[in-house]
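Residue-level structure breakdown
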Amino acid sequence: KIFFTVHNYSKANELLAEARRYLSKIEDLEKRRKAKIHIDIYRWAIFQESKLPIGSYKDSLISLSKGIYHEALLLKDPNLRSKRILISANSTASVLIQERRGEEALKYLEIAGKQIESSEFFDFFTADFFEAKGDYEYQNFEGKVDYLDSALAHYKTALKIAEKIHYGGIERKLYPNRAQV
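1. Observations concerning the nonpolar core
If you look at the biggest cluster of nonpolar residues, it comprises 35 residues, and the most contacted ones within it are Ile97, Tyr108, Leu109, Ile111 and Phe129. Of all the secondary-structure elements, those providing two or more residues to this core are helix H3 (29-49), helix H4 (58-72), helix H5 (78-98), helix H6 (102-117), helix H7 (124-139) and helix H8 (147-165). If one sorts the elements of this core by residue count, H5 sits on top with nine residues. Sequence-distant contacts of Phe129, that is, excluding residues within four places in its chain, are made with Asn90, Leu109, Ala112, Gly113 and Ile116. Ranked by size, the runner-up nonpolar core spans six residues in total, among them Ala12, Ile39, Tyr42 and Ile46.

2. Some remarks on the packing of aromatic side chains
Enumeration over the complete set of coordinates arrives at three aromatic pairs. Seen in terms of ring centroids, Phe124 and Phe125 are 4.3 Å apart; in terms of plane orientation they differ by 40°. Their pairing is tilted. Given the relative accessible area of 38%, Phe124 is considered partly exposed. Residue classification places Phe125 among the buried residues on the basis of a relative accessible area of 18%. Ring centres of Phe129 and Phe130 lie 5.0 Å apart, and the angle between their planes is 75°; this geometry places the pair in the edge-to-face category. The two residues Phe129 and Phe130 agree in class, both being buried.

3. Brief notes about the packing of H5 against H6
In contact at an axis separation of 8 Å, H5 and H6 are set at 155° when each is read in the N-to-C sense. In terms of axis orientation, H5 runs roughly antiparallel to H6. Where H5 crosses over H6, the two elements pack in a sense that is left-handed. Counted together, Ser82, Ile85, Leu86, Ala89, Asn90, Thr92, Ala93, Leu96 and Ile97 of H5 and Glu104, Ala105, Tyr108, Leu109, Ile111, Ala112, Gln115 and Ile116 of H6 form the full contact between these two elements. Class assignment for the residues of the contact of H5 with H6 results in twelve nonpolar, four polar and one charged.

4. A short note on the confidence of the model for the protein chain
Summing up the model confidence of the protein chain, the mean pLDDT is 83 and the portion of residues at 70 or higher is 81%. Here helix H1 (residues 2-5) stands out as the element of the protein chain with the lowest mean pLDDT, 50, in contrast to H6, whose mean of 94 is the highest.

5. Looking at the environment of Lys144
Its location among the elements puts Lys144 in the loop between H7 and H8. Relative accessible area serves as the criterion here: at 29%, Lys144 is assigned to the partly exposed category. The contacts of Lys144, once residues within four sequence positions are left out, are Tyr136 and Glu137.

6. Focus on H8
Across its 19 residues, H8 extends 27 Å between first and last C-alpha, which sits within 8% of the 27 Å expected from 1.5 Å per residue. Within H8, the full set of buried residues consists of Tyr147, Ser150, Ala151, His154, Tyr155, Ala158, Leu159, Ile161 and Ala162. Downstream of H8 by a residue or two, His166 has a phi angle that is positive, lying close to 60°.

7. Remarks on H7
For H7, spanning 16 residues, the distance from its first C-alpha to its last is 23 Å, which sits close to the expected 22 Å at 1.5 Å a residue. Burial analysis of H7 places twelve of its 16 residues in the buried class, which makes it a mostly covered element. By the burial criterion, the buried members of H7 are Phe125, Thr126, Ala127, Asp128, Phe129, Phe130, Glu131, Ala132, Lys133, Gly134, Tyr136 and Glu137.

Cut-off values and rules
- Residues numbered from 1 in each chain as written.
- Predicted model: local features only at pLDDT ≥ 70, side-chain atom pairs only at ≥ 80, totals over all residues.
- Heavy atoms only, no water.
- Core = buried A, V, L, I, M, F, W, Y, C linked by side-chain atoms within 4.5 Å.
- Buried < 20%, exposed > 50% of the residue type's maximum accessible area, 1.4 Å probe, protein only.
- Helix = DSSP H or I, 4+ residues; strand = E, 2+ residues; numbered from the N terminus.
- Contact = heavy atoms within 4.5 Å.
- Phe/Tyr/Trp six-rings, centres within 6.5 Å; stacked < 30°, edge-to-face > 60°.
- Axes fitted to C-alpha atoms, helices over the stretch in contact; angles between N-to-C directions.
- Parallel < 35°, antiparallel > 145°, perpendicular 65-115°, else oblique.
- Left-handed = near helix turned anticlockwise from the far one by under 90°.
- Nonpolar A, V, L, I, M, F, W, Y, C, P; charged D, E, K, R; others polar.
- pLDDT = per-residue confidence, 0-100.
- Expected span 1.5 Å × (residues − 1).

Structure, rendered in structure tokens:
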């Protein structure tokens, strides 16, 4: 985690690869799942934080996100399962939105939305969900008269949450989105 935090992604990737090799040695299936999901979340974040064009790794992000989602479904702890489903469904939807694969993105947004409705999450994953929902609404306007209002409302919700929890990273991304709408 420290190498990721200090932006040493190559070292973080090395350690994550080494950690994956040890997964099979974890006898407790639930602990192995949790470890695998945690490793894959960091792998996803490293892809996302790299300065490469998204086109060079988008399929990897989608595959990784869907893998996290399917592992998360198997977790026994309902709170952790719900949070990991939210993270993975939202991550999948975000990349699919960028790829203009709206129908598939909507499926994952609905999954993420159900996790938010059925829990008491109020953190940066929730803010990310509303950002993705705004992006989706902005791009999928066919037959929708109020798509701009809807996109703007989702962006405003994301910003309110971000401000409340001091999530500055999303604010820098969202202000240009709001200006565009």
